[in-house]
Amino acid sequence: MARSRWIAAVLSPALITTAIAAAVFTIPQTASAAPVTYQSEDATISQGVVESNHNGYTGSGFVNFDNLTGSYVEYTVNAAAAGSHSLVFRYANGTTANRPVNVTVNGTPAVSGLGFPGTGAWTNWQNVTTNVDLVAGTNTIRTTATTSNGGPNADSLIVDVAGTEPPPGPGDTPVARHGQLKVCGTKLCNERGQVVQLRGMSTHGIQWYSQCIKTASLDALANDWKADILRVAMYIQEGGYESNPRRFTDMMHGYIEEATKRGMYVLVDWHQLSPGDPNYNTSRAKTFFTEIAQRHKDKKNIIYDIANEPNGVSWANVKRYAEEMIPVIRAQDPDGVVFVGTHGWSTFGISDGQNETSVFNNPINASNFMYTFHFYAASHGQNYLDALRRIADRVPVFVTEFGTQTASGDGGNNFSMSDRYIALMAEKQIGWTNWNFSDDNRTGAVFNTGTCAGNNFAGTGVLKQAGVWVREKIRAGR
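Computed from a predicted structure; not experimentally measured. (Residues numbered from 1 in each chain as written. Predicted model: local features only at pLDDT ≥ 70, side-chain atom pairs only at ≥ 80, totals over all residues. Heavy atoms only, no water.)

Asks: Help me out: how do you make sense of the overall build of the protein chain in this one?
Replies: Assigned secondary structure in the protein chain consists of 13 helices and 21 strands. Here the C-alpha atoms of the protein chain give a radius of gyration of 23 Å, agreeing with the 23 Å that 2.2 N^0.38 yields for 478 residues. Counting only C-alpha atoms and orienting by the principal axes, one finds that the protein chain spans roughly 70 × 50 × 50 Å. Scored against the burial criterion, the 478 residues of the protein chain give a buried share of 59%. Look at the contacts in the protein chain between residues 6 or more apart in sequence, and 78% of them connect residues 24 or more apart. For the protein chain, the computed accessible surface area is about 17,000 Å², with 49% contributed by carbon and sulfur atoms. Charged side chains of the protein chain number 37 positive and 40 negative; the gap between the two group centres comes to 5 Å. (Helix = DSSP H or I, 4+ residues; strand = E, 2+ residues; numbered from the N terminus. Rg over C-alpha atoms; globule rule 2.2 N^0.38 Å. Buried < 20%, exposed > 50% of the residue type's maximum accessible area, 1.4 Å probe, protein only. Contact = heavy atoms within 4.5 Å. Areas by Shrake-Rupley, 256 points an atom, 1.4 Å probe, with all protein chains shown as cover. Lys, Arg positive; Asp, Glu negative; His and termini not counted. Charge placed at Lys NZ, Arg CZ, Asp CG, Glu CD.)

Spelled out as structure tokens, the structure:
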């Protein structure tokens, strides 16, 4: 369960820094590059000034439009391919009046009267998203104020430079078959109200093993393994999000787009672990999930996991965090399913010597969400299995992480106990993602060490025993 302890013992600070540097370049090497940020102070400005007197901006400052109609900021951006691209404008508006702009692309009107409502203060920065068509190569994107108030304070423009590809044909992918998911009773259901059981894989921490998540490996996961879902494990501490929020948020945007292209569901995993109290990261979580939900709210394949493994914390405090965070996501994406980890490393308190009644007696006050449960078959035997059976009959639950080995992600595989868990999850139609889709040297990593340096991920020849086992389990459900 506590992967932070065993990974920290292996990686020195220098190696962690190197791993993060490598991670920065992983997504751009795939077919769909991560979104690119263009700072407003570097753009062409007409009737506006660059300032830095309001905290919270990124880069070296922001653009303050002159208070008149016609003031503008023009960005020069590059697109990898022609087609529809998302634009995310980061701005502040300390007034109560909307400050709309017209958006033109290469001199042609694209969006009329794009609204920038008040944000409550000039130091409160928010995002507005729209979609436009770009040509391959260089494009100019101009935002022009349409009222005498001018435009908002403009911090940056984030562009999905890779654009979108045509959607898959009907019936080709899990998302095409099931559409927007929802929680119905104690089960996860598709858009027609039919119960679905998703099966898939979790990445390792993307600050360490982003080299394993690329075009060839994701193609194998979707087409050879026949997976429904990809869980993206973004650690918060341990060299993760906290060290560079912008970089890791952009990495997550890129992974979401990659899963979307392949018609897989994507689980956005806020992988808090040390400290174990999720309330420690509430402010960071609000910033991250607001942007993720706002940009991807129109997709049907997004699931939000707001707390990976709460530990060393009471259920009451986990519940308090969940009830503060769920409305943050709902404000941007009213239909998205939210997952919430439970205390005791997402075991409903069992790993703390408690039982599931603490959750049953004090449930989260929300709808369209699921609790999460984790197990490692060589460490968590009959009592955990029995608990999962009881839990599944009472509340909606999803197994977002499990392994066939010990809770350290290493050691011998207990395939017999793992098979019993798989049978129970099939019986109760509990979805799951397995730990982990990497070539780490531990037994829980599915690929042989060194595999991720190449581009051969299909079949069983590149897999460890645990990889052969879980690939078969995923494929058996198709």
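We are not done yet, so read on.
Asks: Would you mind going over the side chain of Ser418 with me for this structure?
Replies: Take Ser418: it is sitting in helix 12 (residues 415-428). Overall, the relative accessible area of 0% leaves Ser418 in the buried class. Once you skip the residues sitting within four places of it in the chain, Ser418 turns out to touch Ala377, Gly403, Thr404 and Trp469.

Asks: Explain the side chain of Lys428 to me, please; I cannot follow it from the model alone.
Replies: Within the secondary structure, Lys428 is located in helix 12. Judged by relative accessible area, Lys428 falls into the buried class, the value being 13%. Within the local environment of Lys428, its side chain forms a polar contact with the side chain of Asp393, the two groups lying 2.8 Å apart. Beyond its immediate stretch of four places on either side in the chain, Lys428 contacts Lys187, Arg389, Ala392 and Asp393. (Polar contact = N/O pair within 3.5 Å; in protein donor to acceptor, adjacent residues only side chain to side chain.)

Asks: Looking at this structure, I do not really get the sheet that holds strand 5 (residues 72-79). What am I missing?
Replies: Whether parallel or antiparallel, the strands of a sheet pair through hydrogen bonds between backbone atoms. Taken together, five strands build an open sheet; the order of strands is 2-5-10-7-8 and the sheet is antiparallel. Strand pairing shows two members of the sheet lacking a second neighbour, strand 2 (44-46) and strand 8 (108-114), which therefore form its edges. Ignoring strand direction, the axes of neighbouring strands in this sheet form an average angle of 20°. (Pairing = 2+ DSSP bridges. Axes fitted to C-alpha atoms, helices over the stretch in contact; angles between N-to-C directions.)

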